[in-house]
Amino acid sequence: MPDLKILSSTPGRVRWKIASLRNRPAVAQHLENDLGAHPRVQTVRANPVTGSLLLTFDAECADDEATAWVLAALDRMPADLASPPAAPRPRREVRIGRSLVGFGRPPEDDDGAPRPPTPLQRLLSDTSQYSRLRQRAIAASIADGLANAVPPLLVGLAVSTVANPSRSLLARVGFKTVAGRLGALGVISAGYWVGASLLEYYRERTASELADKVRRDLRVRLYDHVQRLDVATVEQQGTGRWMAVLDGDLEEVHRFVRHGGKPLMTIGSNVVVVGGTFLTVSPLLGLIQLFVIPPVLIASQRMLKPLRARVIASRDVGEQLSGMISGNLAGIGTLASFGAEDDQAERVRLAADEQLDVSREANRVEAAYVPTLRAIIGGGFVTTVTLGAA
């Protein structure tokens, strides 16, 4: 018997958790087609990302009867769908080189056809006409990231000046008195903060200009592409879907170009500065800290894949809900003339419930992402403190 579990139940509405549905869009399509043809079923929504099936039907039907319909639909699955999915193909090893960032010949699949470019490759291609602006933005982000790694060094310099005044760095370079060392420390700190503020201003300006130009170019190209599509294709997707692409997705690209590079550069610069300091002062501690990097990368990669699938599913459901509301508002007069307000309100409620369930699943994985990485990094910090004190 399939792994079938009722998640929620109200008269005429039941949601099940089905193990064989998870990550199997073909099974979801089969259930929607099979159950949708049942005379007593009103709506069917199968979500392969969460493995849930939502069914609305005549209120006089019992939950056991509806469960029997689902079991019968699962029994009627074709043999190729009923069997477990094949194991995923082993990930190909891709040479780390110029082709990784869009240069040279693109990698090929097993059948010899070139793979489609990655999002990073497409982004680099879209910004190629602004190569000088892109180079300035990248250079400013790298410099800003290096500047963000300086405050811990200033704190260490201040502690050394106060705790070991005669052996501090400032004393060794020629500042013999306490007042001279503190004055030099103040001048260095003031110079750093002024320079860091100017650098942050320049980075923000160049990144914003580049992001605005990329968003403008993509919006114009996307709109020109959409209006050249077949009219039936455009109408089939719905207004909500197209507006999500032309507005929401472009805003995400704009946000990434403007702000996405900063945390990457900051992390990289911190690894270089802090790791270099550790390797210089205590090579053993520096090597131990390097062992924290693989667990962080593995945990991040393992969690990003399910998170990406759930976020995409949440966005798709949100687009359907937005299109439904937009269409109802555009035809509000027709709804009122036919007295269909209650029916449409129920449709919106069901779609909103589905979006809530999918969003809850995405939020659950997203909420665990940062704490998991923080726990791993915290282990490295505890190791540093423990071994450093030994």
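Residues numbered from 1 in each chain as written. Predicted model: local features only at pLDDT ≥ 70, side-chain atom pairs only at ≥ 80, totals over all residues. Heavy atoms only, no water.

## Examining the packing of aromatic side chains
Phase 1: Within the structure shown, the criterion is met by two aromatic pairs.
Phase 2: Ring geometry for Y192 against W193: centres 4.7 Å apart, planes inclined by 65°, an arrangement best described as edge-to-face.
Phase 3: For Y192, a relative accessible area of 13% puts it in the buried group.
Phase 4: Looking at W193, the relative accessible area reads 48%, which means it is partly exposed. (Phe/Tyr/Trp six-rings, centres within 6.5 Å; stacked < 30°, edge-to-face > 60°. Buried < 20%, exposed > 50% of the residue type's maximum accessible area, 1.4 Å probe, protein only.)

## Comments concerning the side chain of T56
Phase 1: Inspection of the secondary structure puts T56 in strand β4 (residues 52-57).
Phase 2: Within polar-contact distance, the side chain of T56 engages the side chain of T43 at 2.2 Å.
Phase 3: Apart from the residues lying within four places of it in its own chain, the contact partners of T56 are G12, R13, V41, Q42, T43 and L350. (Helix = DSSP H or I, 4+ residues; strand = E, 2+ residues; numbered from the N terminus. Polar contact = N/O pair within 3.5 Å; in protein donor to acceptor, adjacent residues only side chain to side chain. Contact = heavy atoms within 4.5 Å.)

## Remarks on a nonpolar patch on the surface
Phase 1: Judged by side-chain polarity, I267, V271, L279, L287, L290, F291, I293 and L297 come together as a nonpolar surface patch covering roughly 780 Å² of accessible area.
Phase 2: Breaking the nonpolar patch down by element, the ones donating at least two residues are α10 (239-281), α11 (283-290) and α12 (293-330).
Phase 3: Top element by residues in the nonpolar patch is α10. It accounts for three residues.
Phase 4: By the secondary structure assignment, I267 is in helix α10. (Patch = residues over 30% accessible without salt bridge, like charges linked within 9 Å, V, L, I, M, F, W, Y side chains within 5 Å. Areas by Shrake-Rupley, 256 points an atom, 1.4 Å probe, with all protein chains shown as cover. Salt bridge = Lys/Arg side-chain N within 4 Å of Asp/Glu carboxyl O.)

## Structural notes on the sheet that holds strand β3 (residues 41-47)
Phase 1: Strands sit in the order β1-β2-β4-β3 across an open sheet of four strands; the sheet is antiparallel. Of all the strands in the sheet, just β1 (4-10) and β3 have a single pairing partner and so form its edges. Each neighbouring strand pair of the sheet contributes to a mean axis angle of 15°, computed without reference to strand direction.
Phase 2: Across six bridges, β3 lies against β4 in antiparallel orientation. (Pairing = 2+ DSSP bridges. Axes fitted to C-alpha atoms, helices over the stretch in contact; angles between N-to-C directions.)

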